[in-house]
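# Observations on chain architecture
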Amino acid sequence: MALLLALLMAVACPYAMLQGVFMSGSTAILLGAGYYIMGSFCHLGQTFVNQVSEAEGLLKDLIVKSHILNFNLKVSQVMGRLSHNLAFDMCGWYRLDHAALLGLLNTVLTYLVILFQVGGTAVKSHIPTSPPPSNASAPADPRGPHF
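Now for a description of the structure that goes with this document. Here the structure is a predicted model, which is why all the values come from computation and not from measurement.

## A look at the overall build of the protein chain
Each helix and strand counted, the protein chain has four helices and zero strands in total. For the protein chain, the α and β elements follow one another from N to C terminus as α-α-α-α. Within the protein chain, contacts between residues at least 6 apart in sequence are counted, and of these 69% link residues at least 24 apart. Element-wise, carbon and sulfur atoms account for 68% of the exposed surface of the protein chain, whose accessible area totals about 11,200 Å².

## Digging into the side chain of Ser66
Position of Ser66 relative to the elements: it lies in the loop between helix 2 (26-65) and helix 3 (69-83). The class of Ser66 is buried, set by a relative accessible area of 15%. One polar contact links the side chain of Ser66 to the main-chain amide nitrogen of Ile68, over a distance of 3.3 Å.

## Side note on helix 1 (residues 2-18)
At 3.6 residues per turn, the α-helix brings residues three or four places apart onto the same side. With 17 residues, helix 1 ought to run about 24 Å at 1.5 Å a step, and its terminal C-alpha atoms sit 24 Å apart, in line with that. All buried positions along helix 1 are accounted for by Leu3, Ala6, Leu7, Met9, Ala10, Val11, Cys13, Pro14 and Ala16. For helix 1, the elements touching its buried residues are helix 2 and helix 4 (98-118). Once helix 1 finishes, Gly20 follows within two positions and takes phi at roughly 90 degrees, a positive value.

## Quick notes on the nonpolar core
Leu3, Ala6, Leu7, Ala10, Val11, Met38, Cys42, Leu96, Ala100, Leu104, Val108 and Leu112 form the largest nonpolar core, which has 12 residues in total. Looking at this core, the elements with two or more residues in it are helix 1, helix 2 and helix 4. The element contributing the most residues to this core is helix 1, with five residues. Leaving out residues up to four positions away in the same chain, Leu7 has contacts with Met38, Leu104 and Val108. With five residues, the next largest nonpolar core counts Val52, Leu59, Val75 and Leu82 among its residues.

## Digging into the packing of helix 2 against helix 3
One way to put it is that helix 2 packs onto helix 3 with a least axis distance of 10 Å and a crossing angle of 160 degrees. The orientation of helix 2 relative to helix 3 falls into the category roughly antiparallel. Read as a crossing pair, helix 2 and helix 3 show a hand that is left-handed. Contacts between helix 2 and helix 3 involve Val52, Ala55, Glu56, Leu59, Lys60, Leu62 and Ile63 from the first element and Phe71, Asn72, Val75, Ser76, Val78, Met79, Leu82 and Ser83 from the second.

The rules behind these values
- Residues numbered from 1 in each chain as written.
- Predicted model: local features only at pLDDT ≥ 70, side-chain atom pairs only at ≥ 80, totals over all residues.
- Heavy atoms only, no water.
- Helix = DSSP H or I, 4+ residues; strand = E, 2+ residues; numbered from the N terminus.
- Contact = heavy atoms within 4.5 Å.
- Areas by Shrake-Rupley, 256 points an atom, 1.4 Å probe, with all protein chains shown as cover.
- Buried < 20%, exposed > 50% of the residue type's maximum accessible area, 1.4 Å probe, protein only.
- Polar contact = N/O pair within 3.5 Å; in protein donor to acceptor, adjacent residues only side chain to side chain.
- Expected span 1.5 Å × (residues − 1).
- Core = buried A, V, L, I, M, F, W, Y, C linked by side-chain atoms within 4.5 Å.
- Axes fitted to C-alpha atoms, helices over the stretch in contact; angles between N-to-C directions.
- Parallel < 35°, antiparallel > 145°, perpendicular 65-115°, else oblique.
- Left-handed = near helix turned anticlockwise from the far one by under 90°.

Structure, rendered in C-alpha cells:
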C-alpha cells in the first residue's frame, strides 16, 4: 500500500507543480518522500535477496565440508526452503529489487511525459452535444445514389 502511495505521489506532485500548486513547499517534500519510499522498499527487497543468496552459499559450503549424512539431509531441506525466497515478491505480482525500482521510475517518467505533453489541460470529449442536422429537407437526387 505504501509503495502504491509513493507511486501516486511521484506522479501527482509534478502534475500539481505544473498546475502551479506548491502548497508552501510541501508538494516538493511529498515528491521527495515518494521517491524515497520507492527507493527504500526496492533496496530492502534487494538486500533481502542478497542475504538469502549469501546464506544459501554458506550452506552449500557446509554440505561440502560435512560428511555426516543426516546433517547434510537437514541442510539440504533448509536450502530447499531458502531457494523459494531468492526473490522478494509481493504475492507473485511483482518483485522488489533494483530492477523493480528502475521499472517504477520508468512508469513515473512515462506518465510525466504524457502529462507534460497534454499540458495539464482537461481531455475534451469528441461527442457532439447536439445531433447533426438532418438532410430530410434536401431534395433527393433524381439520378439515384452515387457509387
